[in-house]
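Remarks on the overall topology
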Amino acid sequence: MTITNMVAKRSTCLRRHVGAILVKDKRILATGYNGAPAGIRHCEETGCIRQDSDIPSGQRHELCRGLHAEQNVIIQAAYHGVSIDGAILYCTNKPCIICSKMLINAGIKKIVYGDGYDDPLADEMLTEADITVERFVP
């Protein structure tokens, strides 16, 4: 989780810095953090659409310039041709429903997170997919 927290420091989000890493057989496969897609201006330059529109956390995920850390870690693995089937996700925050569905389809077997994120549907689907979810307690 220390490495995951370091990855989160790369975030360009104005509201929350989130980091994610995928690990398999005690090896880091990929890292990701929340922020705008490559080559696109970051919120640090453009401002935050969500903040300017008073959109609460956990709602209207599509109204954001950035990708979530979990999305970026999956994309980075795919971009570099790294299989993540059976990997463990370490993330500073518990995944939302959108990321949870992606993690299920990516074959992630376990999620270890730092801070909670209230998303009952994500919890339900991760349980149904038989993915172990545990909160990291230092």
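A brief look at the structure comes next. Just so we're clear, the structure is a prediction, and the values are computed from it rather than from any experiment.

This part covers the environment of Glu44. Along the polypeptide, Glu44 turns up in helix α2 (residues 43–46). Using a relative accessible area of 52% as the deciding quantity, one classes Glu44 as exposed. Considering only alpha carbons, one finds Glu44 and Cys64, 20 residues apart in sequence, at a separation of 13 Å. Not counting the four nearest positions on each side in its chain, Glu44 is found in contact with Ser11, Thr12 and Leu14.

This paragraph deals with the packing of helix α4 (residues 69–79) against helix α5 (residues 97–106). Axis separation between α4 and α5 bottoms out at 9 Å; the angle between their running directions is 30 degrees. Judged by the inter-axis angle, α4 sits roughly parallel to α5. At the point where α4 passes α5, the crossing takes the left-handed sense. Contacts from Glu70, Gln71 and Ile74 of α4 reach α5 at Ile98, Cys99, Met102, Leu103 and Ala106. Among the residues making up the contact of α4 with α5, the classes are represented as 6 nonpolar, 1 polar and 1 charged.

Next up on the list: the sheet that holds strand β3 (residues 88–93). Strand order in the open sheet formed by 5 strands is β2-β1-β3-β4-β5, and the pairing between neighbours is mixed. Of all strands in the sheet, those bounded by a partner on one side alone are β2 (27–33) and β5 (132–135). Sheet twist, expressed as the average angle between the axes of neighbouring strands with direction ignored, equals 20 degrees. In this sheet, β2 lies alongside strand β1 (residues 19–24) in antiparallel orientation, the contact comprising 6 bridges. By the bridge assignment for β2, Lys24 is matched with Arg27. Docked against the sheet, α4 engages β1, β2 and β3, running at close to 130 degrees with respect to β2.

So, how was this worked out
- Residues numbered from 1 in each chain as written.
- Predicted model: local features only at pLDDT ≥ 70, side-chain atom pairs only at ≥ 80, totals over all residues.
- Heavy atoms only, no water.
- Helix = DSSP H or I, 4+ residues; strand = E, 2+ residues; numbered from the N terminus.
- Buried < 20%, exposed > 50% of the residue type's maximum accessible area, 1.4 Å probe, protein only.
- Contact = heavy atoms within 4.5 Å.
- Axes fitted to C-alpha atoms, helices over the stretch in contact; angles between N-to-C directions.
- Parallel < 35°, antiparallel > 145°, perpendicular 65-115°, else oblique.
- Left-handed = near helix turned anticlockwise from the far one by under 90°.
- Nonpolar A, V, L, I, M, F, W, Y, C, P; charged D, E, K, R; others polar.
- Pairing = 2+ DSSP bridges.

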